[in-house]
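What follows is the residue order along each chain.
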Amino acid sequence: MNSDHAPDVASSSTRRRAFMLVAHGGAGTIRKRVMTPEQRAAYREAMTDALRAGCDVLSAEGTSLDAVQAVITVLEDSPLFNAGKGAVFTHDGTHEQDAAIMDGSTLRAGAVAGVQHIAHPIALARLVMERTKHVMLSGDGAEAFAREEGVPLVPSEYFSTERRWAELEKARQAEEAGGAAGAAVGTRLNRDLGTVGAVALDVHGNLAAGTSTGGVTNKRWGRIGDSPIIGAGTYANNACAALSATGIGEHFIRNVVTYDICARMIYGGESLDQAARHMIGTVLVAQHGDGGLIGVDRDGNITMPFNTEGMYRGFVGPDGAVTVKIFE
Ligand code: ASP
């Protein structure tokens, strides 16, 4: 299993005021040999831009929620990632996106699932949290809510890219060749990499987490992944940590991954890194549950484990130095 560590800001004398921000752009098969230097540079640049946007919020003493949203908005605007522009195609050639955001200081959360015309699903998830008494809205209802809130709807083509279309065609061919087995929604991650997420600790000591995704290529029947499900793909609680996951969503739902990590911390006294590594490296590996996650705890310690070849990921703290990694 792969893992990274940032400097332990908890040991710093500025402990109570130190912010920390971590982001991911999806985990899966990222072939070192196949990726050109230009492609690597493009991903690094996009991740860096996103982390800088969040860092600007946090260094101005903004909230972790605003920072998480700022990071994800930049990644949703980039066609490189499977969120917003560049989202994967469903079996029917549409785009159905899921997103969630959670405030660790209040446990308030907002999520949208299966939205088809929202350029920034993370922003709509935030509106669900702040403007309704609900946690999750889906499909047409979520878009009716968006209209009421004055959020512009965009045509489906806004999200479409040639690269994702080619991935759909490949998936359809594999499905035809593989029959029922190939029809399963659990498509391989090398086809639909690029879910995005962010977690942050702000100078006020509050945690937040967010995740946004187009889901998996060739999905059908209104399939929803783990990303918008609180406790599965997204979770934040000031009592423990903020987490955002990426990988084969069905495994992350079954194992209630992000909440389970918090539970191990609260009830078992484990550190964030211990609990996260156990989940990604032991529990999910045993189930062939490919993926990874990012997390930050209330002391600013971070974790970024993954059990795949790579995960686009990075972090930035109070010194403003952005670190971005793709492989081990
Ligand atoms: N977890 C996402 C889903 O299953 C996909 C991903 O992270 O690549 O919808």
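Please refer to the structure higher up on the page.
Residues numbered from 1 in each chain as written. Predicted model: local features only at pLDDT ≥ 70, side-chain atom pairs only at ≥ 80, totals over all residues. Heavy atoms only, no water.

(A) Focus on the overall build of the protein. Within the protein, the secondary structure is distributed over 9 helices and 12 strands. Radius of gyration (C-alpha) of the protein: 18 Å, near the 20 Å computed for a compact globule of 328 residues. C-alpha atoms of the protein, sized along the principal axes, occupy 60 × 45 × 40 Å. Counting every atom, the protein has about 12900 Å² of accessible surface; 50% of that belongs to carbon and sulfur. Charge separation in the protein, taken as the distance between the mean sites of 30 positive and 38 negative side-chain charges, equals 4 Å. (Helix = DSSP H or I, 4+ residues; strand = E, 2+ residues; numbered from the N terminus. Rg over C-alpha atoms; globule rule 2.2 N^0.38 Å. Areas by Shrake-Rupley, 256 points an atom, 1.4 Å probe, with all protein chains shown as cover. Lys, Arg positive; Asp, Glu negative; His and termini not counted. Charge placed at Lys NZ, Arg CZ, Asp CG, Glu CD.)

(B) Broad picture of the site of the ligand. With respect to spatial proximity, 10 residues lie near the ligand, and among them Thr195, Arg223, Asp226, Thr246 and Gly247 are the closest. Contact between the ligand and Asp226: a nitrogen atom at 2.6 Å from a side-chain N or O atom of the residue. Between the ligand and Thr246, the relevant distance is 2.8 Å, taken from an oxygen atom to a side-chain nitrogen or oxygen of the residue. A total of 270 Å² of accessible area belongs to the ligand in isolation, and the protein chains cover 100% of it. By residue class, the composition of the shell around the ligand is 1 nonpolar, 7 polar and 2 charged. (Near = heavy atom within 4 Å. Polar contact = N/O pair within 3.5 Å; in protein donor to acceptor, adjacent residues only side chain to side chain. Nonpolar A, V, L, I, M, F, W, Y, C, P; charged D, E, K, R; others polar.)

(C) Quick look at the pattern of salt bridges. What the rule picks out here adds up to 10 salt bridges. Here Asp66 makes a salt bridge to Arg126, at a shortest N to O gap of 2.8 Å. Pair noted here: Asp66 is in helix 2 (residues 64-77) and Arg126 is in helix 3 (residues 121-131), with a separation of 60 residues, a long-range link. Take Asp66: its relative accessible area is 34%, and that puts it in the partly exposed class. Here Arg126 falls in the buried class, since its relative accessible area comes to 12%. One salt bridge connects Arg264 with Glu270, and the closest N-O pair in it is separated by 2.8 Å. Classification of Arg264 by relative accessible area gives partly exposed; the value is 26%. A single network of salt bridges, built from pairs that share partners, joins Asp66, Arg126 and Glu130. (Salt bridge = Lys/Arg side-chain N within 4 Å of Asp/Glu carboxyl O. Buried < 20%, exposed > 50% of the residue type's maximum accessible area, 1.4 Å probe, protein only.)

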